[in-house]
Amino acid sequence: MELDERKKKILEAILRTYIETGEPVGSRTVSKYTDLNLSSATIRNEMADLEEMGYILQPHASAGRIPSDLAYRMYVNELLENREENSKSNEEDSDQVLIDRSDQIDQMDQMLQRLAKLLAENTNYTTMVSKPKYKHKKIKFIQLNPMSDAQVLMILVLDNNHVTNRIISLEESVDDNVIAQLNFIINAALNGLDVTEINLQIMQQIRDKAGEYGDLAGSVLESIGEALSAEDTSEIYTSGATNILKYPELSDKEKMASLLTTFEEKQKLQAWVNDDYMDVNGEEHEIQVYIGDESPIESMKDCSVVTGTYRIREGVYGKIGIVGPKRMNYKKVVSTLESCMQQLDDIFKEAPKQIEKKK
């Protein structure tokens, strides 16, 4: 059942009032925010219909109504669809975060940490900023170097010039000629391959060619897998975790403890970084809004999460996220995120060679 104009205006009044006050909204309050000139009784009837349709909820008996996740989703979809039309008014409504450009290229880590803090201070919500990671990674070369009779050092270099080392323990000593042969076999099979192209068939072929040293080749391949898994873990900077405490609807002690632990320990935030990460469609400043159960992180199911994707260059992406109550000021948050990502674009375009050195 579609909403008629009257119901849309009443729902919009409930949304705007609840976002501003955090208090359940009654019919008398709605009557002050609409230009329909309706009686409180008529508004109550319309609110009953909206409740039956799933757009509003009554948290307690005899209380006013609050928006449901369905109402927030409708509101956010309209906001995102009209981003261009609303961009000027959005800028006027919000204070823009200005990124310090003085040492941003040589000290990307510090810049992203400061950005997380500035966003938290600007929005009064909790923020997350991930370091850039590569959508595609190709193996540049692998080098095995004997360290002792019992150990070999494996050096893995990817095409983004990221270098990872792993020490492999040997069950028995291996002479330098065998190490040289394994270097040749493994590099011939893996050089230039994207990590997604390395399958069981290729790995078995390497083991077969290694002959009696197939187990050692298997240990090397296992170490490569571990190194690539570590490469997939992105550093995430967070700020303003205690801002969540400002919102009574998120004050449940057990849920609050789980949420604060997520921000502190950060391992669970990888689900946010990786969610749709490999499906970036190239649209500039991709904005995603997760409401309630839509969140990829279990402890954030009572929150809303707004994320933006910034791009250093083709195939190199990072994410910015803002976490708050479902009644967050979406208009300000979306505008602020877009402003930050535009600034990051400008910064990264100014000195691509310096960024490449850093990465």
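Small disclaimer: the values here were computed from a predicted structure and weren't measured.

We now examine the packing of aromatic side chains. Applying the stated rule across the entire model yields three aromatic pairs. When the centroid spacing of 5.8 Å and the interplanar angle of 35° are considered together, the rings of Y125 and Y247 count as tilted. Taken together, the residues Y125 in the loop between α6 (108–123) and β3 (126–130) and Y247 in the loop between β8 (236–239) and α10 (253–265) connect sequence positions 122 residues apart. According to the relative accessible area criterion, Y247 is buried, its value standing at 11%. Three or more aromatic residues joined by ring pairs make a cluster, and in this case those are Y72, Y75 and Y330.

Mapping I10 onto the fold places it in helix α1 (residues 5–21). Relative accessible area serves as the criterion here: at 0%, I10 is assigned to the buried category. As a C-alpha pair, I10 and V30 span 20 residues in sequence and 6.6 Å in three-dimensional space. Setting aside chain neighbours within four positions, we find I10 in contact with V30, T34, L36, L38, I43, E46, M47 and L50.

The next point concerns α10. With 13 residues, α10 extends 18 Å between its outermost C-alpha atoms, agreeing within 8% with the 18 Å of an ideal straight helix rising 1.5 Å per residue. Taken together, the buried positions of α10 are M256, L259, T262 and F263. An end-on view of α10 places all buried positions within 120° of arc, on one side of the element. Facing away from the buried side of α10 by more than 90 degrees, the exposed set consists of K253, E254 and E264. N-cap assignment for α10: the residue whose side-chain oxygen lies 3.2 Å from the backbone N of E254 is D252. Looking one or two residues past α10, K266 carries a phi angle of roughly 75°, positive in sign.

Before going further, it helps to examine the confidence of the model for the protein. Overall, the predicted model of the protein reaches an average pLDDT of 83, with 84% of residues at or above 70. Least confident of the elements in the protein is helix α13 (residues 352–358), whose mean pLDDT is 47; most confident is strand β2 (residues 66–67), at 95. The model gives residues 277–282 a pLDDT under 50, and that stretch makes nine contacts with residues more than four places away or in other chains. Predicted confidence is poor over residues 355–359, with pLDDT under 50, and the contacts of this stretch with residues over four places away or in other chains come to 16 contacts.

The rules behind these values
- Residues numbered from 1 in each chain as written.
- Predicted model: local features only at pLDDT ≥ 70, side-chain atom pairs only at ≥ 80, totals over all residues.
- Heavy atoms only, no water.
- Phe/Tyr/Trp six-rings, centres within 6.5 Å; stacked < 30°, edge-to-face > 60°.
- Helix = DSSP H or I, 4+ residues; strand = E, 2+ residues; numbered from the N terminus.
- Buried < 20%, exposed > 50% of the residue type's maximum accessible area, 1.4 Å probe, protein only.
- Contact = heavy atoms within 4.5 Å.
- Expected span 1.5 Å × (residues − 1).
- Arc of directions from axis to C-beta.
- Polar contact = N/O pair within 3.5 Å; in protein donor to acceptor, adjacent residues only side chain to side chain.
- pLDDT = per-residue confidence, 0-100.

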